[in-house]
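Observations on chain architecture
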Amino acid sequence: MTTFETYLEGRKGTVLDDDLVTVLGNIAEATRQISDKLRTSALDGLTGATENTNVQGETQKPLDILSNEILLEACRKSPAVSFAVSEELDTEVAIHADGKYAVIFDPLDGSSNLDVNVTVGTIFSVIEAKTPADILKSGRGQMVAAYAAYGPQTSLVITIGAGVQIFTLNDDGVYVMTNADAKIVPDAKEFAINAARRSSWDDVVSAYVENAIDTGHNMRWVGSMVADTHRIFNRGGVFLYPADRNKPAAGGRLRLLYEANPIGFLVEQAGGAAIIGKSTILDIVPTGLHQRVPVIFGSKNEIAKISAEYNAEKVAEPA
Ligand code: P6P
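The rules we used
- Residues numbered from 1 in each chain as written.
- Predicted model: local features only at pLDDT ≥ 70, side-chain atom pairs only at ≥ 80, totals over all residues.
- Heavy atoms only, no water.
- 1 Å grid on protein atoms, 1.4 Å probe; cavity = no way out; pocket = protein on both sides within 12 Å on 5 of 7 lines; lining within 4 Å.
- Points joined across faces, edges and corners; volume = space filled by probe spheres on them.
- Helix = DSSP H or I, 4+ residues; strand = E, 2+ residues; numbered from the N terminus.
- Pairing = 2+ DSSP bridges.
- Contact = heavy atoms within 4.5 Å.
- Axes fitted to C-alpha atoms, helices over the stretch in contact; angles between N-to-C directions.
- Phe/Tyr/Trp six-rings, centres within 6.5 Å; stacked < 30°, edge-to-face > 60°.
- Buried < 20%, exposed > 50% of the residue type's maximum accessible area, 1.4 Å probe, protein only.
- Expected span 1.5 Å × (residues − 1).
- Arc of directions from axis to C-beta.
- Domains from an automatic or database assignment.
- Buried area = accessible area lost by both parts, 1.4 Å probe.
- Salt bridge = Lys/Arg side-chain N within 4 Å of Asp/Glu carboxyl O.
- Polar contact = N/O pair within 3.5 Å; in protein donor to acceptor, adjacent residues only side chain to side chain.
- Parallel < 35°, antiparallel > 145°, perpendicular 65-115°, else oblique.
- Nonpolar A, V, L, I, M, F, W, Y, C, P; charged D, E, K, R; others polar.
- Left-handed = near helix turned anticlockwise from the far one by under 90°.

Scanning all chains against the criterion turns up one cavity of 30 Å³ or more. What the largest cavity holds in volume is close to 50 Å³. Taken together, I104, S125, I127, I135, K137, S138, G139, Q142, L257 and N261 make up the full set of residues lining the largest cavity. Those elements that place two or more of their residues in the lining of the largest cavity are β4 (120-128) and α6 (256-269).

Our focus in this paragraph is the sheet that holds strand β8 (residues 175-179). Within the open sheet, the eight strands sit side by side as β2-β1-β3-β4-β5-β6-β7-β8. Their pairing is mixed. Strands at the two margins of the open sheet, each flanked by one partner only, are β2 (93-94) and β8. Sheet topology places strand β3 (residues 101-109) next to β4; seven bridges connect them, and they run antiparallel. In the strand pairing of β4, I104 is matched with S125. Running over the sheet, helix α3 (residues 62-76) touches β1 (81-86), β3 and β4 and is turned about 160° from β3. Where helix α5 (residues 225-235) meets the sheet, it contacts β3, β4, β5 (142-150) and β6 (154-159), and its direction lies at approximately 100° from that of β5.

Let's shift gears to the packing of aromatic side chains. Summed over the entire model, instances satisfying the criterion amount to seven aromatic pairs. Summarising the aromatic geometry, the rings of Y7 and F167 are spaced 5.6 Å apart at their centres and angled 55° between planes, so their arrangement reads as tilted. A residue pair is termed long-range when its members are at least 10 positions apart, and Y7 in helix α1 (residues 4-10) and F167 in strand β7 (residues 165-169) qualify at 160 residues. F167 matches Y7 in its accessibility class, with the two residues each being buried. Taken together through their ring pairs, the aromatic side chains of F4, Y7, F167 and Y175 make up a single cluster.

Helix length check: helix α4 (residues 203-214), at twelve residues, gives a terminal C-alpha distance of 16 Å against a target of 16 Å (1.5 Å per residue), a fit within 8%. Of the positions making up α4, those classed as buried are V204, V205, Y208, V209 and A212. Each buried residue of α4 sits inside an arc of 125° when the element is viewed along its axis, so together they form one side. Facing away from the buried side of α4 by over 90 degrees, the exposed positions are E210, I213 and D214. On its buried face, α4 sits against β9 (190-192), β11 (238-241), β15 (295-298) and α7 (300-312). Following α4 by one or two positions, G216 has its phi on the positive side, about 80°.

Further remarks concern the domain arrangement of the protein chain. On domain assignment, one finds that the protein chain holds domain 1 (4-179) and domain 2 (190-312). The gap between the C-alpha centroids of domain 1 and domain 2 is 22 Å. Taken together, the contact between domain 1 and domain 2 spans 46 residues of the former and 32 residues of the latter. Across the interface of domain 1 and domain 2, roughly 2900 Å² is buried in total on both sides, 61% from carbon and sulfur atoms. Looking at the side of domain 1 facing domain 2, the largest losses of area belong to L136, R140 and Y147, adding up to 22% of the total buried there. Here domain 1 and domain 2 share four salt bridges between them. The salt bridge involving R140 is made with E268; its shortest N-O contact spans 2.8 Å. One can count 17 residue pairs in polar contact (both at pLDDT 80 or more) joining domain 1 with domain 2. Residue assignment for the side of domain 1 that touches domain 2 shows that the elements contributing at least two residues are β1, β3, β4, β5 and β6.

We now examine the packing of α5 against α6. Put simply, α5 and α6 touch, their axes get as near as 12 Å, and they point 10° apart. With respect to α6, the element α5 is oriented roughly parallel. Counting all contacts with α5, which are made through M225, T229 and F233, the residues of α6 involved are E259, I263, L266 and V267. Residues of the contact of α5 with α6, tallied by class, amount to five nonpolar, one polar and one charged.

Next up on the list: the packing of helix α2 (residues 18-39) against α3. Between two packed helices, the angle of one axis relative to the other and the distance separating the axes together describe the packing. Between α2 and α3, the least distance of the axes is 9 Å, while the angle of their chain directions is 155°. Accordingly, the angle class assigned to the pair α2 and α3 is roughly antiparallel. The way α2 lies across α3 gives a crossing that is right-handed. Facing α2, whose interface residues are N26, I27, A30, Q33, I34, K37 and L38, α3 presents L63, L66, S67, I70, L71 and A74. A breakdown of the residues in the contact of α2 with α3 according to their chemical character gives nine nonpolar, three polar and one charged.

Here it is as structure tokens:
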């Protein structure tokens with residue numbers, strides 16, 4: 001039986017040094033704690049909304065705040081962590097002055113689903129960073145990307161640049177490897193998009209969705225990126241959250257650093273593709289910690305069709 005800890009130990013000397021193994025072990029423990037808190041949240045008064053709004057202008061839920069604190073504590077317990085960047089916080093948080101890794105995370109993605117008992121997740125990536133300026137590097141600079149999906153199972157899906165491994169939390173709180181080399185099938189007949197936002201889609205996305213429906217594709221939309229991503233890892237598909245054609249300056253809904261980049265790295269490592277339009281997600285050089293981008297990813301042959309249309313279009317690249 002391979003566990004998350006034995007997997008990390010076996011990869012020391014590759015991209016993993018002792019320091020990074022410690023960071024990842026502490027983050028994995030944080031996801032176990034978050035998973036536990038989610039399971040009994042309705043019993044512990046951790047449902048509903050707080051009076052607070054985060055830097056995104058979103059109303060914070062108690063578990064958003066708690067998950068964020070749990071992850072910050074994991075960073076503080078890891079001497080090699082220089083900075084933490086969180087969806088919930090305006091700026092980077094200095095952790096250890098002599099640290100060398102920045103941990104960038106969305107502590108609880110999809111938290112609008114919490115009170116309806118639908119899968120949510122933690123998304124994170126780790127990069128080398130000794131100064132705040134080092135944080136704004138393209139997604140190609142990620143050393144590690146992962147998400148924990150808190151659903152009927154708690155799954156930890158991670159890449160250290162050597163394919164994608166999936167671990168499942170057992171009754172003893174141990175992450176046991178359940179997929180040593182997860183792949184996204186290249187073809188699929190299922191797409192995920194919030195169809196209520198149809199009027200905001202660009203022509204490429206509108207044409208793709210219309211053709212998909214006309215050719216018998218199925219549609220799923222959970223409203224939780226981690227849940228939709230995990231389905232695509234399991235049976236392929238395409239996830240689309242395009243920019244709003246009526247608000248081009250907004251850039252999109254999903255955030256580059258702690259949603260698009262880690263998911264994009266995982267998807268590419270599993271043989272899928274992840275684009276914003278003409279460009280791939282991982283090639284974007286961030287302009288800010290909370291920059292939003294269009295996100296289209298999944299089965300590579302489907303993404304190739306969409307990418308070809310963007311590259312054939314004479315339209316400007318989405319902002
Ligand atoms: P909409 C959750 O808030 C999130 O950031 C992603 O997890 C999810 O895919 C998307 O937003 C849902 O957006 O517009 O359908 O509510």
